[in-house]
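Here is what each chain is made of, one letter per residue.
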Amino acid sequence: MKRLIGFTLALVLASAAHAADPIPFGRGSWAELTARHKGQATIVHFWGLTCAPCLVEMPKWGTLAAQRPDMKLVLIAADPMPQSPAQVQAAVERAKLDGIESWNFADRFYERLRYEIDPAWMGELPRTVMIDRDGKPTVLNGVADLDKVRAWLDANRL
């Protein structure tokens with residue numbers, strides 16, 4: 001009986017641990033993500049574990065998310081090197097961004113994924129795309145100026 005309880009507890013803990021894993025981002029995911037947020041002002045932030053500026057910037061996004069609970073933020077780990085969901089989730093948690101919608105590039109043909117997002121995007125990270133309620137994107141390449149993000153949020157309040 002103790003073994004059964006222990007096994008059941010292990011299964012529950014394992015499923016809880018994986019519940020926070022990022023969503024696999026593959027072909028068609030960009031269309032799915034934008035459809036999911038249609039009509040909502042949404043910020044999509046692309047980052048990577050092998051991108052030093054990204055890792056410095058992530059906690060600043062965590063601070064902004066805490067300050068602006070009205071912000072719809074989506075994180076996409078678009079690292080050009082394959083990263084496990086556990087590694088991505090650990091970085092998200094360190095940045096105090098757990099609970100934020102998070103995706104992880106899951107197709108090793110990253111160029112195809114980037115092309116679906118923006119045919120002109122060459123893969124530079126970090127990259128932030130602010131999509132207004134009408135679907136119009138504003139792209140910030142490099143480390144985002146969070147004052148510009150705040151101003152965009154204020155201008156796009158519902």
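Per chain, residues are indexed from 1 in the order of the written sequence. It should be noted that, the model being predicted, local features are given only for residues of pLDDT at least 70 and side-chain atom pairs only at 80 or more, the latter also being counted only at that level, while totals for whole chains, interfaces and linings use all residues. Based on all heavy atoms of the structure, the side-chain values leave hydrogens and waters out of the count.

A. Focus on the overall build of the protein chain. Each helix and strand counted, the protein chain has six helices and six strands in total. Along the protein chain, from the amino end to the carboxyl end, the secondary structure elements read α-β-α-β-α-β-α-β-α-β-β-α. Per-residue accessibility, obtained with a 1.4 Å probe over protein chains only, is compared with the maximum for each type, and a residue is labelled buried under 20%, exposed over 50%, and partly exposed between these values. Here the protein chain, with 158 residues, has 42% of them falling under the buried criterion. The contacts of the protein chain with a sequence gap of at least 6 include a subset with a gap of at least 24, amounting to 72%. Numbering goes from the N terminus for both helices and strands, where a helix is a DSSP run of H or I of at least four residues and a strand is a run of E of at least two. Any two residues having at least one pair of non-hydrogen atoms within 4.5 Å are treated as being in contact.

B. Representation of the layout of surface pockets in the model. Only protein atoms enter the 1 Å grid used here, on which a cavity is any set of points holding a 1.4 Å probe that cannot leave and a pocket is any open set flanked by protein within 12 Å on both sides along at least five of seven lines; residues with an atom within 4 Å of a point are listed as lining. Grid points are joined across faces, edges and corners, and a volume is the space filled by probe spheres set on the points. Volume-wise, the largest pocket comes out at about 210 Å³. Surrounding the largest pocket, 20 residues form its lining, W30, T34, I131, G135 and P137 being those nearest its centre. Among the secondary structure elements, those contributing two or more residues to the lining of the largest pocket are α2 (29-36), β2 (42-47), β5 (127-131) and β6 (137-141). When residues are sorted by character, Ala, Val, Leu, Ile, Met, Phe, Trp, Tyr, Cys and Pro go into the nonpolar class, Asp, Glu, Lys and Arg into the charged class, and all the rest, Gly among them, into the polar class. Taken together, the residues that form the lining of the largest pocket break down as eight nonpolar, six polar and six charged.

C. Representation of helix α4 (residues 85-94) in the model. Among all positions of α4, only V88, Q89, A91 and V92 are buried. The buried residues of α4 occupy an angular sector of 160 degrees when projected down its axis, which confines them to one face. Among the exposed residues of α4, those pointing more than 90 degrees away from its buried face are A86 and R94. Among the structural elements, β2, β3 (73-77) and β4 (101-105) are those in contact with the buried residues of α4. Within two residues after α4, K96 carries a phi angle of roughly 60 degrees, on the positive side. To be clear, the arc concerns the directions from the helix axis to the C-beta atoms.

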